[in-house]
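Listed here are the chains, written in short residue letters.
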Amino acid sequence: MGQLTIILARVLQAVPTIFGIVVVTFLLTRALPGDPAAYFAGASATPESIAEIRVKLGLDQSLPLQFVAYLQDLATGNLGQSISTGQPVATELLRRLPASLELTLFALLLSVAVAIPLGVLAAVKQDTWIDQVCRFIVTAGVSLPTFFTGLLLVYVFYFLLGIAPAPLGRLDMLHIAPPQVTGFLVLDGLIAREWATAWSAFKQLLLPGITLALFTLAPLARMTRAAMLQALASEYLRTARAAGLSSTRVLMVYAFRNAMLPIITTLGMVFSFTLGANVLVEKVFAWPGIGSFAIEALVVSDYAAVQGFVLSMAVLFVLLNLVIDTVYTLIDPRVRIEG
Amino acid sequence: MTDATLTSQLTAGSRPSAFARNLAHFRYVMTSNPVTFLAFVLCAGMILVALFGPMLVPHDPLATLSDKALKPPSWDHWFGTDQLGRDVFSRVVVATRLDLLISVSAVAISFVCGAAMGACAGYWGGWFDKLSGRFLDTIMAFPLFVLAMGIVAAAGNTIQNIVIATAIINLPFYARVARAEVSIRRNAGYVQAARLSGNSELRILMFKILPNTLPPMMVQLSLNMGWAILNAAGLSFIGLGVRPPTAEWGIMVAEGANYIISGEWWLALFPGAALMLAVFTFNLLGDGLRDLVDPQRRT
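Here the structure is a predicted model, which means the values were calculated and not measured.

Thresholds applied
Residues numbered from 1 in each chain as written. Chains lettered and ligands numbered in written order. Predicted model: local features only at pLDDT ≥ 70, side-chain atom pairs only at ≥ 80, totals over all residues. Heavy atoms only, no water. Axes fitted to C-alpha atoms, helices over the stretch in contact; angles between N-to-C directions. Helix = DSSP H or I, 4+ residues; strand = E, 2+ residues; numbered from the N terminus. Parallel < 35°, antiparallel > 145°, perpendicular 65-115°, else oblique. Contact = heavy atoms within 4.5 Å. Nonpolar A, V, L, I, M, F, W, Y, C, P; charged D, E, K, R; others polar. Left-handed = near helix turned anticlockwise from the far one by under 90°. Salt bridge = Lys/Arg side-chain N within 4 Å of Asp/Glu carboxyl O. Polar contact = N/O pair within 3.5 Å; in protein donor to acceptor, adjacent residues only side chain to side chain. Expected span 1.5 Å × (residues − 1). Buried < 20%, exposed > 50% of the residue type's maximum accessible area, 1.4 Å probe, protein only.

(A) Layout of the packing of helix 11 (residues 247–284) of chain A against helix 12 (residues 290–299) of chain A. Residues and elements named next belong to chain A. Look at helix 11 against helix 12: their axes get within 7 Å of each other, and the N-to-C directions meet at 80 degrees. In terms of orientation, helix 11 and helix 12 fall into the roughly perpendicular class. Together, V279, E282 and K283 of helix 11 and I290, G291, S292 and I295 of helix 12 make up the contact between the two elements. Its residues assigned to classes, the contact of helix 11 with helix 12 shows three nonpolar, two polar and two charged.

Here it is as structure tokens:
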């Protein structure tokens, strides 16, 4: 089977998963306690207006029909209206998505850049001090509540040391957002050659990014270390060493390339954590992403907004996993659909 | 190596009573790794605090003293006072019970439901296996914390729903372990022997196979516990479930967060540290237990 066929088959596999996600979010909407129509109509609604809203929302239809209507809405990108902002939920989410993506990707990049060398070093120099450091970071990292780490960093770097900017959003008030190209302020600032703006955006990004990275560091470093240890103990590595290959080549080409597969699988799981932890970090740093939008919506029981948020996060996660699996297929020629 | 010698010591010679054997094994577990011992002591301490803490605290956790608001830690108030003059130490101690209660009940629900579901799927296979597998895949397709937010938002903002949401997002972990452990044992020698001597299928599953799957399940439980605490605290941090003025670690950190940029660190630090300690304890305990059950997966 060619790689393209495999990738295509994997894309097709995502279809039932996405269908499952849509079913769950639909059922969550219908699980509202009490009468959703009365709920959407607000506190001062008359029986007539409730009935009117029931018809408008299609709640007088049977459940399968409602589901079909929901699917039609989704197909046209309609996630409903946000009660708190009065805007369509899809617009709100799209507007805030770049902020969340910038934070998530930056954090992931940071944690990969630290965790993988750390895990490799810990495996190569097993049972030395660097292995102990790695073990400590791994155990501490999974125990740290993200929101707590974030607050701690703010206290130390903003209040005590005064190095970091105030944890209030993506950009200092002195700067004007650069013209939008990628939606990532740091990149946009660089593209527009507004160095001061890019630097300010980067400084704002640093603390929340580190907070998220600390959280994702642990599973990645742990898996890197375990996978490297396994690869180092393998027979093909013994052969490679016996054949007199240089130790760098043995390590980087033979051991690391094989160890990469479980690491990439772990990345998928880490993404799930990151998307969840993102919500908490955004709240701590007043980051104007979709996470803080969802929290605001939760507080005022803005129902369509929360549903849209859950749905879009899940779809994002499925797509990310798809990308990861594709990368996996490209890296490992042995992968077959059955395996 | 030590494992093998110990087992042979335990099984060979005159068999001591079951209690003595358990005690010996317990002692072996505790002395083999000091970290596991520490985790066990911390865990026991936490349970004691949860049980007796509310009786022992020096101040009423809900009593507000406006003249003593936002005082740093002192001899009178070990962890300082919050914006309403409530004693932070008392609140942190009292919160232990609620936090443990939420996570223990959530984990218990997902343990029982997950074990039942996974065991049936692993033992009989067939359509139930396929259906439950699909169901679990769908849960895992969501970023789990986000799914929990959605469930609580849909079902209503109560502590009970926090427990249910946490239970649902933890369900796949138990169901998968149970399914894997049961399916590798369903045709083991002792199972065939039990079947041959006329035990019903359900009886075999309940009394022959399930007890053998308990060790890996317990490891999963302990590793999962810390995560459940983090999740529940995260939910209350964003304002779901627990309502003020109830003392709970997540919500206390959230309340303290507003004061951290003006330098009142003790409001958020102490509940956060308590939360961290609880999660750390359960993670250490889980790692220690895993080393015992499966020395191969030591990392």
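(B) The packing of helix 4 (residues 88–124) of chain B against helix 9 (residues 201–237) of chain B, seen in detail. Residue and element names in this part refer to chain B. Following both chains from N to C, one finds helix 4 and helix 9 inclined at 145 degrees, their axes separated by 8 Å at the closest point. Along this stretch, helix 4 crosses helix 9, giving a crossing that reads as right-handed. Residues belonging to the contact of helix 4 with helix 9 are distributed by class as follows: 21 nonpolar, one polar and one charged.

(C) Region of the structure containing the interface of chain A and chain B. Between chain A and chain B, the contact holds 49 residues from the first and 43 residues from the second. Where chain A meets chain B, there are zero salt bridges. The interface formed by chain A and chain B holds zero residue pairs in polar contact (both at pLDDT 80 or more) in total. Among the elements of the structure, helix 1 (3–30), helix 6 (129–143), helix 7 (146–160), helix 9 (195–232), helix 11, helix 12 and helix 13 (303–331) of chain A are those that each provide at least two residues to the side of chain A that touches chain B. A total of nine residues in the side of chain A that touches chain B trace back to one element, the largest contributor, which is helix 13 of chain A. A breakdown of the residues in the side of chain A that touches chain B according to their chemical character gives 37 nonpolar, eight polar and four charged.

(D) Up close: helix 7 of chain A. Residue and element names in this part refer to chain A. Here helix 7 contains 15 residues, and its C-alpha end-to-end distance of 20 Å stays within 8% of the 21 Å for a straight helix at 1.5 Å per residue. Within helix 7, the full set of buried residues consists of T146, F147, F148, T149, G150, L151, L153, V154 and Y155. Phi for G162, located one or two positions after helix 7, is positive at around 70 degrees.

(E) Fine view of the environment of A:N321. Residue and element names in this part refer to chain A. Among the structural elements, N321 can be located in helix 13. For N321, a relative accessible area of 22% translates into the label partly exposed. Distance from N321 to I264, taken between C-alpha atoms, is 10.0 Å for residues 57 residues apart in sequence. The residues contacting N321, other than those within four sequence positions of it, are R10 and G268.

(F) The arrangement of the pattern of salt bridges in detail. All chains considered together, the criterion is met by eight salt bridges over all chains. Connected through shared salt-bridge partners, A:E92, A:R95 and A:R96 make up one network.

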